[in-house]
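Examination of the molecular architecture
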Amino acid sequence: MTTGARRVGGYALGVLVFLAGLAVWQLWAGAANPFLVPTASEVAERAWDVWPTPDFLSEVGQSMKRYVVGFAIAAAIGIALGLLVGASHAARRTLDPLLECLRAVPAIAIVPAAFVILGAGDASRIVVIAFGLCFPILVNTAEGVRGIPLEVRDTASMLHVGRVERLARIYLPAALPSIMAGLRIAVSLGLVLVIVSEFRGETNGLGYYLKDQESRIDYPALYAGILFLGLLGYVLNRLFLVAERRLLAWHYGAAGE
Amino acid sequence: MSEPVLRVAGLEKRYSEEGPAALAGVTFDVVQGELLAIVGQSGGGKTTLLRLLCGLMRPTAGTVHLDGHLVSSPPREAAIVFQDYSRSLFPWLNVTRNVMFPLRREREPRSEKLGRVEGVLREVGLEGVGKKYPWQLSGGMQQRVAIARALVSRPEILLLDEPFASVDALTRAELQDLVLRLHQHEVKGVTIVHVTHDIDEAVYLADRVLVLSGTPGRIVASVDVPLPRPREQTETRSSPQFLSLRNELHGLIATREAVRSLAQ
């Protein structure tokens, strides 16, 4: 078989397994209690109706706004602190105990406290998301900086690169492969935290939508929401990979990939 | 003889206070325009010495003076080429941007900087590769880019740390001839300190060879190389004078090693 044919064969197999999964769902749901577990076709039909409605899209918009703002704050803080902790022994000694302690706290655990302090609006949810996403980014950034070879540091010294310039023009790009690995974790984790933070408070967002369908006992609509989140996560990951391939073209090239 | 550009006096380096010295009592001068080679075995303190010379490290005793100024941090007049070009070139910058990097603070129009970059790339035998990234070039070409970056700011002294140890033999010969050509023509007057473990390479390139040997590392011999220039790979290397010089240096290092192993 040629490489091209083999690749097509591989894709075909993937699609086949996917369809088999849907078939198992359809048959199992039909055999079990069809009220509690709607069939795949029922959910698909419902999704087709629900997804394009302005109400549903507005929930999506609310969730995405929190996700993007939380992600941006986490990236800014995580990368900045990560560069600092990775580059300076003094900063590391000073900040490590505090950061290690905060990092050990599961982000979900701060949800009630955030709502107590900030109320049930956007602020508390964004804080939860930013808090949770900040640490994987920070840790990966710091590790990336620590792994920069001595030759790179020596070269920077010989070229009289000052402290701030060194962080921005040498350490940031040199650690970028590692930083991107941290951001990739945050892309998926961010979705988890958006939904969890929206389970509380009678407001809006996809998390609220799921809870609302549960209390309305509208299970096909509930599953349509879950399906949408699955697709959203997939699309976000794909977009991130495209961005990563572009930003790190030099890295993948050098690694011979 | 002209004034020494580089004066090294009583240099000693210990990596910890009570630890053994990596170098001790290293003293030598380098005159302007000289091409000096320092040979020694791996782990013999060559890299330590070079890092001290260019101010990347402070000695525990002794001094390095460049142009009469004490070296305590990397001086503007010095540039270095490391062995590992894949790490010393910035992989996220293309060739032009890598070579232009040392000029980033100079206040001249970008077009002039680009002109200088093109000029220096031509000097090292690279043309039309400015838009490529280092990984798209062969090892020898990457090392040429590193040499171009070192030369673009017109340093007075060029330090070479085993610059050809990571390339194949044919490329190594080409790069050796490049260094000779640069030293003779394009950047005439530049002082070069070339650290290597390759005795033949040292004799082929240098005006003078220092032998760094022992634990701690010391300069145990200074051998002048009066071979005529221009030098040529086959002719120079097969001349009786070349052979007797390389044998003398081999002898110097071998005897030292014999004494060292007897003492242990």
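Right, let's walk through the structure included here. (Residues numbered from 1 in each chain as written. Chains lettered and ligands numbered in written order. Predicted model: local features only at pLDDT ≥ 70, side-chain atom pairs only at ≥ 80, totals over all residues. Heavy atoms only, no water.)

1. Some thoughts on the overall build of chain B
Scanning chain B for helices and strands turns up 9 helices and 10 strands. In summary, chain B has a C-alpha radius of gyration of 19 Å against a globular reference of 18 Å for 264 residues, a match within 12%. Taken along the three principal axes of its C-alpha coordinates, chain B extends 60 × 45 × 35 Å. Within the span of chain B, comprising 264 residues, buried residues form 52% of the whole. Taking the intrachain contacts of chain B between residues at least 6 apart in sequence as the baseline, contacts between residues at least 24 apart amount to 69%. Of the roughly 12,100 Å² of accessible surface on chain B, a fraction of 50% belongs to carbon and sulfur atoms. One finds the centroid of the 32 positive side-chain charges in chain B at a distance of 6 Å from the centroid of its 31 negative side-chain charges. (Helix = DSSP H or I, 4+ residues; strand = E, 2+ residues; numbered from the N terminus. Rg over C-alpha atoms; globule rule 2.2 N^0.38 Å. Buried < 20%, exposed > 50% of the residue type's maximum accessible area, 1.4 Å probe, protein only. Contact = heavy atoms within 4.5 Å. Areas by Shrake-Rupley, 256 points an atom, 1.4 Å probe, with all protein chains shown as cover. Lys, Arg positive; Asp, Glu negative; His and termini not counted. Charge placed at Lys NZ, Arg CZ, Asp CG, Glu CD.)

2. Considering the packing of aromatic side chains
Inspection of the entire model under this criterion finds 8 aromatic pairs over all chains. Aromatic side chains Phe90(B) and Phe101(B) sit 5.2 Å apart centroid to centroid with 70° between the ring planes, which places their arrangement in the edge-to-face category. Taken as a pair, Phe90(B) in the loop between α2 (85–88) and α3 (95–100) and Phe101(B) in the loop between α3 and α4 (110–123) lie far apart in primary sequence, 11 residues in all. Taking relative accessible area as the criterion, Phe90(B) reaches 0% and is therefore assigned buried. Classification of Phe101(B) as buried rests on a relative accessible area of 2%. Taken together through their ring pairs, the aromatic side chains of Trp51(A), Phe56(A), Tyr209(A) and Phe228(A) make up a single cluster. The ring of Tyr204(B) carries the charged tip of Arg237(B) above its face, separated from the ring centre by 4.7 Å. (Phe/Tyr/Trp six-rings, centres within 6.5 Å; stacked < 30°, edge-to-face > 60°. Lys NZ or Arg CZ within 6 Å of the ring centre and 35° of its normal.)

3. Re the interface of chain A and chain B
At the junction of the two partners, chain A supplies 21 residues and chain B supplies 23 residues. When chain A packs against chain B, the two sides together hide about 2,000 Å² of surface, and 69% of this comes from carbon and sulfur. Linking chain A with chain B are 4 salt bridges, by the criterion used here. As a salt-bridge pair, Glu151(A) and Arg87(B) come within 3.7 Å of each other at their nearest N and O atoms. Applying the counting criterion to the chain A and chain B interface returns 9 residue pairs in polar contact (both at pLDDT 80 or more). Contributing elements (two or more residues each) for the side of chain A that touches chain B: α7 (150–158), α8 (163–174) and α12 (249–254) of chain A. If one sorts the elements of the side of chain A that touches chain B by residue count, α7(A) sits on top with 7 residues. Looking at the side of chain A that touches chain B, its residues break down into 12 nonpolar, 5 polar and 4 charged. (Buried area = accessible area lost by both parts, 1.4 Å probe. Salt bridge = Lys/Arg side-chain N within 4 Å of Asp/Glu carboxyl O. Polar contact = N/O pair within 3.5 Å; in protein donor to acceptor, adjacent residues only side chain to side chain. Nonpolar A, V, L, I, M, F, W, Y, C, P; charged D, E, K, R; others polar.)

4. Overview of the packing of helix α1 (residues 3–31) of chain A against helix α2 (residues 40–50) of chain A
Residues and elements named next belong to chain A. α2 packs onto α1 with a crossing angle of 105° between their chain directions and a minimal axis gap of 7 Å. Considering their axes alone, α1 and α2 lie roughly perpendicular with respect to each other. Of α2, the residues touching α1 (which contributes Leu 22, Trp 25 and Gln 26) are Ala 40, Ser 41 and Val 43. When the residues that make up the contact of α1 with α2 are grouped by side-chain class, the tally is 4 nonpolar, 2 polar and no charged. (Axes fitted to C-alpha atoms, helices over the stretch in contact; angles between N-to-C directions. Parallel < 35°, antiparallel > 145°, perpendicular 65-115°, else oblique.)

5. Description of unusual backbone geometry
A cis geometry characterises the amide bond from Thr215(B) onward to Pro216(B), with omega recorded as -5°. When you line up the elements, Pro216(B) lands in the loop between β9 (208–213) and β10 (218–224). In this model, Arg229(B) is joined to Pro230(B) through a cis peptide bond whose omega is 0°. Residue position: Pro230(B) is located in the loop between β10 and α8 (233–238). With a phi angle near 60°, Ile217(A) is a residue other than glycine that sits in the positive phi range. Looking at the secondary structure, you find Ile217(A) in the loop between α10 (206–215) and α11 (219–247).

6. Here we look at the sheet that holds strand β7 (residues 157–161) of chain B
Residues and elements named next belong to chain B. The mixed open sheet is built from 6 strands, whose spatial order is β6-β7-β8-β3-β9-β10. Two strands lie at the open edges of the sheet, namely β6 (78–81) and β10, each paired on one side alone. Here the strands of the sheet are splayed against their neighbours by 20° on average, with no regard to which way each runs. Where β7 lies against strand β8 (residues 191–196), 5 bridges are found, and the strand directions are parallel. From the neighbouring strand, Leu 159 faces β8, where its bridge partner is Val 193. Contacts from helix α5 (residues 139–151) reach β6 and β7 within the one sheet, and its direction differs from that of β6 by about 175°. Sheet strands in contact with helix α6 (residues 169–186) are β3 (35–39), β7 and β8, and its direction is about 145° off that of β3. (Pairing = 2+ DSSP bridges.)

7. Let's talk about the side chain of Arg231(B)
All names here are of chain B. Structurally, Arg 231 can be placed in the loop between β10 and α8. Here the side chain of Arg 231 touches Ala 206 through a polar contact of 2.9 Å, landing on its backbone oxygen. There is a polar contact of 3.2 Å between the side chain of Arg 231 and the backbone oxygen of Leu 227.

8. Digging into the pattern of salt bridges
Residues and elements named next belong to chain A. In total, this model carries 26 salt bridges over all chains according to the counting rule given. Close ionic contact of Arg 103 with Glu 100 constitutes a salt bridge, the shortest N to O distance being 3.2 Å. Here Arg 103 and its partner Glu 100 are both found in helix α4 (residues 89–104), 3 residues apart, which amounts to about one turn of the helix. By relative accessible area, which is 41% here, Arg 103 ends up partly exposed.

9. Considering the sheet that holds strand β2 (residues 21–31) of chain B
All names here are of chain B. Pairing in this open sheet of 4 strands is antiparallel, and the strands run β2-β1-β4-β5 from one edge to the other. Edge positions in the sheet fall to β2 and β5 (69–70), since each has one partner strand and no second. Of the strand pairs in this sheet, strand β4 (residues 61–66) and β5 are connected by 2 bridges, and their pairing is antiparallel. Within β5, the residue paired with His 65 across the bridge is Leu 70. Seen against the sheet, helix α1 (residues 46–53) touches β1 (4–14), β2 and β4 and runs at an angle of roughly 55° to β2.

So, to be careful, I would describe these as geometric facts and stop short of saying anything about function.
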